[in-house]
Amino acid sequence: MKARRLAATLLAAALAVLVWAGCAAHPDNRHDVVVGSGPDAESTLLAGVYLAALRSYGVAAHTQAAADPMAELDSGAFTVVPVLTGQMLQTLRPGEAQSDAKSDAQVYRAMVSALPEGVAAGDYATAGEDKPVLLVTATTATAWGGNDRNADLSLLPKHCDGLAVGLVTGRRAPAAIGSCRLPAPREFPDDATMFAALRAGQVTAAWATTADPSIPGDLVSLADGKPALIQAENVVPLYRRNALTDRQLLAINEVAGVLDTAALADMRRQVAGGADPLAVAGAWLAEHPLGR
């Protein structure tokens, strides 16, 4: 009888170990904060930044990708989705793409007013952006009144006639800069081909983005001043209303104070080199810890 009880006890213990191991291998994350992203690496990287922020505050969270992250956020399947302000405004209100909202504050306010019911916006990164930027050669920048390192976008309208602009296929760019209505861009398959055409004089200028890690050092970015001529694209977290605690909301909002364009470009450079986006984001936040 004792032998049977001992055998039963050992069997129960063994089953408990198996159950524990199964739970450890497949944790129940149904109550995690879900940080959503699109399927592309750049969107995954941004999700990784906010995932790392939440985890740094002891919040149980994981990432999940979807073809339409906003639809998942709207349905409640996702809790947080990082986006760029201008792109989101254009998605929600396509007509706003040509509106007077250009500065980071103007675009943020317009985006917030267009969000669907149940979705709110956290603090945007004032220094963390990825907006369109026009590149020219040092020779062109000097000829336009700048120099071989700096030139202002406000110079462009004075040289609008005969302008030829390059753009990588699939990207979006402004149709006008101030009073200059830009011609239809010449499309290129990739950055390297477009930059080569720019250096060869086949186009006068070429579109990139401020956090593009592939911008060569010999090309000049036309700086957008004040008032802004190109619509802002600042990193911002969108989240489900009433789904985050005060501490969780603090975690995602504090990203705004540490993320800048240079850091975003550097992380994108690492990802383009084959690094895992979530690992890159986690390593960056470890070097730039959020305040407590």
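Residues numbered from 1 in each chain as written. Predicted model: local features only at pLDDT ≥ 70, side-chain atom pairs only at ≥ 80, totals over all residues. Heavy atoms only, no water.

Draft legend 1. Molecular detail of the environment of Asp152. As for its placement among the helices and strands, Asp152 is situated in strand S6 (residues 151-152). Assessed through its relative accessible area of 30%, Asp152 is described here as partly exposed. For the pair Asp152 and Val220, spaced 68 residues apart in sequence, the C-alpha to C-alpha distance is 9.8 Å. Contact partners of Asp152, with chain neighbours within four places excluded, come to Leu222 and Ala223. (Helix = DSSP H or I, 4+ residues; strand = E, 2+ residues; numbered from the N terminus. Buried < 20%, exposed > 50% of the residue type's maximum accessible area, 1.4 Å probe, protein only. Contact = heavy atoms within 4.5 Å.)

Draft legend 2. Quick look at the side chain of Arg240. Note on placement: Arg240 falls in strand S13 (residues 235-240). One buried charged side chain, Arg240, makes no salt bridge at all; its nearest oppositely charged neighbour is Asp74, positioned 4.3 Å away. A distance of 3.2 Å separates a polar atom in the side chain of Arg240 from the backbone oxygen of Leu73. Leaving out residues up to four positions away in the same chain, Arg240 has contacts with Leu73, Asp74, Gly76, Phe78, Thr79, Gly118 and Val119. (Lys, Arg positive; Asp, Glu negative; His and termini not counted. Salt bridge = Lys/Arg side-chain N within 4 Å of Asp/Glu carboxyl O. Polar contact = N/O pair within 3.5 Å; in protein donor to acceptor, adjacent residues only side chain to side chain.)

Draft legend 3. Quick peek at the pattern of salt bridges. A full pass over the atoms with the stated rule returns seven salt bridges. The closest approach of N and O atoms between Lys131 and Asp224, which form a salt bridge, is 2.8 Å. Of this pair, Lys131 sits in the loop between strand S4 (119-121) and strand S5 (132-137) while Asp224 sits in the loop between strand S12 (219-223) and S13, and the two are 93 residues apart along the sequence. The partner of Asp218 in a salt bridge is Arg199, with the nearest N and O atoms 2.8 Å apart. Note that Asp218 is positioned in the loop between strand S11 (205-209) and S12 and Arg199 in helix H7 (residues 191-199), a separation of 19 residues in sequence. Looking at Asp218, the relative accessible area reads 42%, which means it is partly exposed. The partly exposed category is assigned to Arg199, whose relative accessible area is 43%. Among the ionic contacts, a cluster of salt bridges with common partners joins Glu42, Asp130 and Arg268.

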